[in-house]
Amino acid sequence: FFKSISLKRDILVAETADGIGNYPFSTFRLLVPEKGLMSVHCGNYFGKTFEVFYQDLTSKVAVENQMSFFIMLQEPQQGGELTLFNFRWKVGQTKKDNTEDNEIIQPDGSKMYVEDNPNIVKDKIRPKKGDMILFQGGNIWHRVETVRGKIPRITLGGFIGISKDDSTFYYWS
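Residues numbered from 1 in each chain as written. Predicted model: local features only at pLDDT ≥ 70, side-chain atom pairs only at ≥ 80, totals over all residues. Heavy atoms only, no water.

Asker: Quick question: what am I supposed to make of the overall build of the protein chain here?
Answerer: What the protein chain contains, in helices and strands, is 3 helices and 14 strands. Taking 173 residues into account, the globule formula puts the C-alpha radius of gyration at 16 Å, and the protein chain, at 16 Å, falls close to it. Counting the 173 residues in the protein chain, one finds 44% classified as buried. Summarising the internal contacts of the protein chain: among those between residues at least 6 apart in sequence, 77% fall at separations of at least 24. Of the roughly 9400 Å² that the protein chain leaves accessible, carbon and sulfur atoms contribute 54%. Each charge class in the protein chain was averaged separately, 22 positive and 21 negative side chains, and the resulting centres sit 4 Å apart. (Helix = DSSP H or I, 4+ residues; strand = E, 2+ residues; numbered from the N terminus. Rg over C-alpha atoms; globule rule 2.2 N^0.38 Å. Buried < 20%, exposed > 50% of the residue type's maximum accessible area, 1.4 Å probe, protein only. Contact = heavy atoms within 4.5 Å. Areas by Shrake-Rupley, 256 points an atom, 1.4 Å probe, with all protein chains shown as cover. Lys, Arg positive; Asp, Glu negative; His and termini not counted. Charge placed at Lys NZ, Arg CZ, Asp CG, Glu CD.)

Asker: Looking at this structure, how should I read the side chain of Ser173?
Answerer: Positionally, Ser173 belongs in the segment after β14 (168–172). Of the polar contacts made by the side chain of Ser173, one reaches the side chain of Thr27; its length is 2.9 Å. Residues within four places of Ser173 in sequence aside, it is in contact with Pro24, Phe25, Ser26, Thr27, Arg29, Phe53, Gly157, Gly158 and Phe159. (Polar contact = N/O pair within 3.5 Å; in protein donor to acceptor, adjacent residues only side chain to side chain.)

Asker: I keep staring at the pattern of salt bridges and nothing clicks. Help me out?
Answerer: For side chains bearing opposite charge, pairing can occur when the charged atoms are close. The tally for this structure, following the rule as stated, stands at 9 salt bridges. Close ionic contact of Glu75 with Lys128 constitutes a salt bridge, the shortest N to O distance being 4.0 Å. One end of the pair, Glu75, is in the loop between β4 (67–74) and β5 (78–79); the other, Lys128, is in the loop between β9 (122–125) and β10 (132–135), with 53 residues separating them in the sequence. A salt bridge links Arg143 to Glu115, with the nearest nitrogen and oxygen atoms 2.3 Å apart. Residue Arg143 is found in strand β11 (residues 140–144), and its partner Glu115 is found in the loop between β8 (111–113) and β9; the two are separated by 28 residues along the sequence. Classification of Glu115 by relative accessible area gives partly exposed; the value is 37%. Each member of the salt-bridge network shares a partner with another, and the members are Asp101, Glu115, Arg143 and Glu145. (Salt bridge = Lys/Arg side-chain N within 4 Å of Asp/Glu carboxyl O.)

Asker: In this structure, what is going on with the sheet that holds strand β6 (residues 82–88)? I would like to understand it.
Answerer: The strands that make up a sheet pair up through hydrogen bonds in the backbone, lying either parallel or antiparallel. Here we have 4 strands laid out as an open sheet, ordered β3-β11-β6-β9, and antiparallel in their pairing. Unpaired on one side and paired on the other, β3 (38–41) and β9 mark the two borders of the sheet. Strand-to-strand twist across the sheet, computed as the mean angle between neighbouring axes with direction ignored, equals 20 degrees. Summarising the sheet, β6 and β11 pair through 4 bridges and their orientation is antiparallel. Counterpart to Leu82 in the pairing with β11 is Val144. (Pairing = 2+ DSSP bridges. Axes fitted to C-alpha atoms, helices over the stretch in contact; angles between N-to-C directions.)

Asker: For this particular structure, what's the right way to read the packing of aromatic side chains?
Answerer: Within a pair of aromatic rings, the relevant descriptors are the distance that separates the centres and the angle that separates the planes. Enumeration over the complete set of coordinates arrives at 9 aromatic pairs. Judged by centre distance (6.2 Å) and plane angle (35 degrees), the rings of Trp89 and Trp141 are tilted. Remark: Trp141 occurs in strand β11 and Trp89 occurs in the loop between β6 and β7 (103–105); sequence separation between them is 52 residues. The positively charged end of Arg153 is found above the aromatic ring belonging to Phe70, 5.0 Å away from the centroid. (Phe/Tyr/Trp six-rings, centres within 6.5 Å; stacked < 30°, edge-to-face > 60°. Lys NZ or Arg CZ within 6 Å of the ring centre and 35° of its normal.)

Asker: Help me understand the pairing of β6 in this model?
Answerer: Regular strands show a simple pattern: their side chains alternate between the two faces of the sheet. Buried residues dominate β6, accounting for 5 of its 7 residues. Where β6 and β9 come together, 4 bridges link them in antiparallel fashion. Considered in β9, the bridge of Thr83 is made with Lys124.

Limitation: the analysis is restricted to geometry and does not speak to function.
Spelled out as structure tokens, the structure:
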């Protein structure tokens, strides 16, 4: 699939800094009922939150505005939707901690509340088993809603970005 959208560029798993191994090409994500969710986030925020991880990766990949992808392996009984907000990343945005699910602190110190702001549109996507979702997760604030019922949500996913020299697509998780 990635090759079909790469405009004939190579598609590779990103190598680690030591050249001995690779970053994981994807991860399984299991979200259990009543506890499983992924709080509001975007990929560009991760660059500041997980600086050590991204430090090496950013030397070869333009990770800002990366694409996010996942394949639904098991649908939850209820909940687990991907919610995309019409709210884009700005340099300097942050959260008080990784678990915060509503408040985004703006570069000027003011706060944006994705849940309560009537100007923020929430597009909810409920993928079916086997569906692949690809979106610009680097600069779109999004989250996965709380899983409900008895069946967990299981996905396989990761990120994709273009090399600094524009010749190769890399994926990682």
